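Chain and residue survey
Each chain, letter by letter, is given below.
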Amino acid sequence: MCVSRCLRCVGVSLVPLATVCMLSNILLLLPELKIHFLLEGHVTREATWATGLWGSGLLVLLGARAFVQSSKTQGCCAFRSQMLCQVVYSCVCLLVAGMCCLVSATGLVQGPLCLYDTSSGPAWGVPLKPTADHDAGYLYNSTLWSGVCLEPRGVVQWNVVLFSVLGGASGLQAVLCAANILNSLLGLILGKGFCHNKVRLCAHSSQVLDPESDDIY
């Protein structure tokens, strides 16, 4: 009972998080909401990996569907076999969500790909990328957000907001999937109705301790 309820809650919670990840990654691929930057290869590298689409998006949605369906499984043996499958699904979802979170953090630290002024004229590159001379302090210095990149317009703010949302949502997914691994292992070992059995055991124990309780009436 408790295991099934937890499975269903995790599955339902992962759906909006996966939707947020997919939308964030799509927007990262479309600076200024224009597709020509993507077609010309002028999009931040971490965004083109699309971990928010295939990882924290599609794969996590498939895992969420499996979690909800498994919560309806009847029968002791069938439920335990489903719990074994859910452990595998949860591990896969944990892996891809963690990967998406790591990629998002990398995208934040590296900074966006943009057109910026160099000594030889405007060129495409990653001007805010950490080097030996400076670190990723641009995240805390908003004056650099509009003074470095010429195109796409506002790309620094665009990347900071969307990579932050993507990293936060995928991080929450990783936490939920890790909790679901423990929940599925609990269901595999103790079965579906261990909470119900625990309640019945407590009720039986109270009757044993108070054998004359039926004579009260």
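Report follows, based on the coordinates. (Residues numbered from 1 in each chain as written. Predicted model: local features only at pLDDT ≥ 70, side-chain atom pairs only at ≥ 80, totals over all residues. Heavy atoms only, no water.)

Summed over all chains, the structure comprises one disulfide. One disulfide in the model links Cys114 with Cys149; its S-S distance is 2.1 Å. Around the S-S axis, the bridge from Cys114 to Cys149 shows a dihedral of about -60° and counts as left-handed. With Cys114 in strand E1 (residues 114-118) and Cys149 in strand E3 (residues 149-151), this pair connects stretches of sequence that are 35 residues apart. Residue class for Cys149 comes out buried when judged on its relative accessible area of 11%. (Disulfide = S-S within 2.5 Å. Helix = DSSP H or I, 4+ residues; strand = E, 2+ residues; numbered from the N terminus. Buried < 20%, exposed > 50% of the residue type's maximum accessible area, 1.4 Å probe, protein only.)

If you look at the biggest cluster of nonpolar residues, it comprises 20 residues, and the most contacted ones within it are Leu28, Ala47, Val156, Phe163 and Leu166. Of all elements in the fold, only helix H1 (2-28), helix H5 (76-110) and helix H6 (155-190) reach the threshold of two or more residues within this core. Take this core: its biggest share by element is seven residues, from H6. Ignoring anything within four residues of it in the chain, the contact list for Leu166 reads Cys21, Ser24, Asn25, Leu28, Gly52, Cys100 and Ser104. Ranked by size, the runner-up nonpolar core spans 13 residues in total, among them Val3, Leu14, Ala64 and Phe67. (Core = buried A, V, L, I, M, F, W, Y, C linked by side-chain atoms within 4.5 Å. Contact = heavy atoms within 4.5 Å.)

Across all of its chains, the model carries three salt bridges by this definition. Between Lys34 and Glu32 there is a salt bridge, with the nearest N and O atoms lying 3.3 Å from each other. In this structure, Arg45 engages Glu46 in a salt bridge whose closest nitrogen and oxygen atoms are separated by 2.7 Å. Judged by relative accessible area, Arg45 falls into the partly exposed class, the value being 47%. The class of Glu46 is buried, set by a relative accessible area of 3%. Three or more residues joined by partner-sharing salt bridges are found here, namely Glu32, Lys34 and Arg153. (Salt bridge = Lys/Arg side-chain N within 4 Å of Asp/Glu carboxyl O.)

Let's shift gears to the packing of aromatic side chains. Taken as a whole and judged by the stated rule, the model has one aromatic pair. Relative to Trp124, the ring of Phe37 has its centre 6.4 Å away and its plane inclined at 65°; by these criteria the two rings are edge-to-face. In this pair, Phe37 is assigned in helix H2 (residues 36-39) and Trp124 in strand E2 (residues 121-125), connecting sequence segments 87 residues apart. Classification of Trp124 as partly exposed rests on a relative accessible area of 30%. (Phe/Tyr/Trp six-rings, centres within 6.5 Å; stacked < 30°, edge-to-face > 60°.)

This paragraph deals with the sheet that holds E1. The sheet built from three strands is open, its strands ordered E2-E1-E3 with antiparallel pairing. The open sheet is flanked by E2 and E3, the only strands paired with a single partner. Averaged over all pairs of adjacent strands, the angle between strand axes in this sheet comes to 45°, irrespective of strand direction. (Pairing = 2+ DSSP bridges. Axes fitted to C-alpha atoms, helices over the stretch in contact; angles between N-to-C directions.)

This part is about unusual backbone geometry. In this structure, the amide linkage connecting Glu151 to the following residue, Pro152, adopts the cis form with an omega of -15°. Mapping Pro152 onto the fold places it in the loop between E3 and H6. Backbone geometry places Leu33, a non-glycine residue, at a positive phi of 60°. Relative to the helices and strands, Leu33 resides in the loop between H1 and H2. Even without a glycine there, the phi angle at Ala50 is positive, about 55°. Mapping Ala50 onto the fold places it in the loop between helix H3 (45-48) and helix H4 (51-70). Relative accessible area serves as the criterion here: at 13%, Ala50 is assigned to the buried category.

To continue, consider a nonpolar patch on the surface. On the surface, Trp54, Leu58, Leu59, Leu62, Val88, Tyr89, Val92, Leu95 and Met99 cluster together into a nonpolar patch covering about 810 Å² of accessible area. Broken down by secondary-structure element, the contributors of at least two residues to the nonpolar patch are H4 and H5. Residue contributions to the nonpolar patch peak at five residues, all from H5. (Patch = residues over 30% accessible without salt bridge, like charges linked within 9 Å, V, L, I, M, F, W, Y side chains within 5 Å. Areas by Shrake-Rupley, 256 points an atom, 1.4 Å probe, with all protein chains shown as cover.)

Alignment of E1 against E2, held across five bridges, turns out to be antiparallel. Along E2, the bridge assignment pairs Tyr116 with Ala123. The hairpin turn running from E1 into E2, its antiparallel successor, is two residues long. When E1 meets E3, the two strands line up antiparallel, connected through two bridges. Looking at the pairing, Tyr116 lines up with Cys149 of E3.

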